[in-house]
Amino acid sequence: MEQPYRLELRNVSKSFGEVQSLRNVDLRVGMNEVVGLLGDNGAGKSTLIKIITGYHQPDSGEIIFAGQKVDNLTVAKARALGVETVYQERALADQQTLWRNIFMGREITGRFGFLNTKQIRAETERLMRGELGFTSSAVSASSEIVGFSGGEKQGVAIVRALYFQAELIILDEPTMGLALSETRKLLNFVRDIKRAGKSAIFIDHNVFHVFDVADRIVLLDRGAVAGEFRKDELTLDQLLEKMHHVAETGSLD
Ligand SMILES: Nc1ncnc2c1ncn2[C@@H]1O[C@H](COP(=O)(O)OP(=O)(O)OP(=O)(O)O)[C@@H](O)[C@H]1O
Ligand SMILES: [Mg+2]
């Protein structure tokens, strides 16, 4: 039997009053796939993400996780299904230490049962040196997050999500405001998600970033899917051309 998708949306629509943010959207994310979502301001990208994370309920349509249709998806349900979101701004709690940020709210629910503070710190050190590649001796498990750069914060958030067995990590504009070197690191973390055998939805206004890390690219235009491509099907130039065409005519035809 064919493997089901990690996530499938069928015919999803959502309006806010007069504004129809999403129109009959179909979206599939494979079990080990990075899907890049591209679209202009107001195309509906964040609305789509908020539906997947259970923050908004769609007006119509179906949401299917690993082949199972889920009714009345809530934030708690989405999280239990392995959905984690990494936002630039709200990735971490600045005034807290690194170890608290990684284990916050999960001390007793991790796959290890209850860990004491000493074990949590040791585990945090291991994650930082190993997974995050932190080499600075100035940073320890007890460092406050406030001194971290934007890219480092997102790295922590992604490693945390992978550590707690997220199946689908959603990144909404993660490179916004990052320096070039930080962006490069962030894109590497997205590749780590893929290497860990998990899935991601990656939203970015920068088509180069999306083309770099995505296996498949979905173009959203005014709330509808205007096109969908496997990355190995087209070149970056061809993608740019299609995006221009969609922006001008609203469709690929
Ligand atoms: N809570 C809301 N109430 C009313 N309108 C909303 C709400 N959320 C989104 N919208 C509208 O839905 C449309 C899509 O917005 P959305 O934030 O999903 O776009 P986006 O693709 O994420 O844009 P951006 O690239 O600017 O982040 C916009 O017209 C927006 O004003
Ligand atoms: Mg948005």
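The model shown is predicted, which means the values in this text are computed figures rather than measured ones. (Residues numbered from 1 in each chain as written. Chains lettered and ligands numbered in written order. Predicted model: local features only at pLDDT ≥ 70, side-chain atom pairs only at ≥ 80, totals over all residues.)

1. Brief notes about the overall build of the protein chain
Item 1. The helix and strand tally for the protein chain stands at eight helices and ten strands.
Item 2. Relative to the compact-globule value of 18 Å for 253 residues, the protein chain shows a C-alpha radius of gyration of 19 Å, a close match.
Item 3. Along the first, second and third principal axes, the C-alpha atoms of the protein chain reach 60 × 40 × 40 Å.
Item 4. Expressed as a percentage of the 253 residues in the protein chain, the buried residues total 40%.
Item 5. Sequence separation of at least 24 residues holds for 69% of the intrachain contacts in the protein chain that already meet a minimum separation of 6. (Helix = DSSP H or I, 4+ residues; strand = E, 2+ residues; numbered from the N terminus. Rg over C-alpha atoms; globule rule 2.2 N^0.38 Å. Buried ≥ 20, exposed ≤ 12 C-beta atoms within 10 Å, placed from the backbone. Contact = placed C-beta atoms within 7 Å.)

2. Digging into the sheet that holds strand β4 (residues 60–65)
Remark on secondary structure: sheet strands pair via backbone hydrogen bonds, oriented parallel or antiparallel.
Item 1. What the four strands build is an open sheet, ordered β2-β1-β4-β5; its pairing is antiparallel. For this open sheet the edge positions go to β2 (19–29) and β5 (68–69), each flanked by a neighbour on one side alone.
Item 2. Relative to β4, strand β1 (residues 7–16) runs antiparallel, the two being bridged by five bridges. By the bridge assignment, E8 is partnered in β4 with I64. (Pairing = 2+ DSSP bridges.)

3. Some points on the environment of T124
Item 1. Mapping T124 onto the fold places it in helix α4 (residues 117–130).
Item 2. In sequence terms T124 and Y5 are 119 residues apart; their C-alpha atoms lie 32 Å from each other.
Item 3. Excluding residues that lie within four positions of it along the chain, T124 makes contacts with L98, W99, I102 and A141.

4. Focus on the nonpolar core
Item 1. I158, I169, V190, A200 and F202 are the most contacted members of the largest nonpolar core, which has 65 residues in total.
Item 2. Sorting elements by how many residues they give to this core places helix α5 (residues 150–163) first, with six residues.
Item 3. Taken together, domain 1 (7–92 + 166–249) and domain 2 (93–147) each give at least three residues to this core, which thus spans both.
Item 4. The contacts of F202, once residues within four sequence positions are left out, are V34, G36, L37, L171, V190, V210, V213 and A214. (Core = buried A, V, L, I, M, F, W, Y, C linked by C-beta atoms within 7 Å. Domains from an automatic or database assignment.)

5. Details of the site of ligand 1
Item 1. Ligand 1 sits among F16, V19, S21, G39, N41, G42, A43, G44, K45, S46 and T47.
Item 2. Residue assignment for the shell around ligand 1 shows that the elements contributing at least two residues are β2 and α1 (45–52).
Item 3. In terms of residue count, α1 provides more of the shell around ligand 1 than any other element does, three residues in total.
Item 4. Of the residues belonging to the shell around ligand 1, the class tally is three nonpolar, seven polar and one charged. (Near = placed C-beta within 6 Å. Nonpolar A, V, L, I, M, F, W, Y, C, P; charged D, E, K, R; others polar.)

6. As for unusual backbone geometry
Item 1. Its identity is not glycine, yet N24 carries a phi of approximately 45°, on the positive side.
Item 2. Examined against the element boundaries, N24 turns out to sit in strand β2.
Item 3. Overall, N24 belongs to the partly exposed group, with 13 C-beta atoms counted inside 10 Å.
Item 4. Phi is positive for R222, close to 45°, though the residue is something other than glycine.

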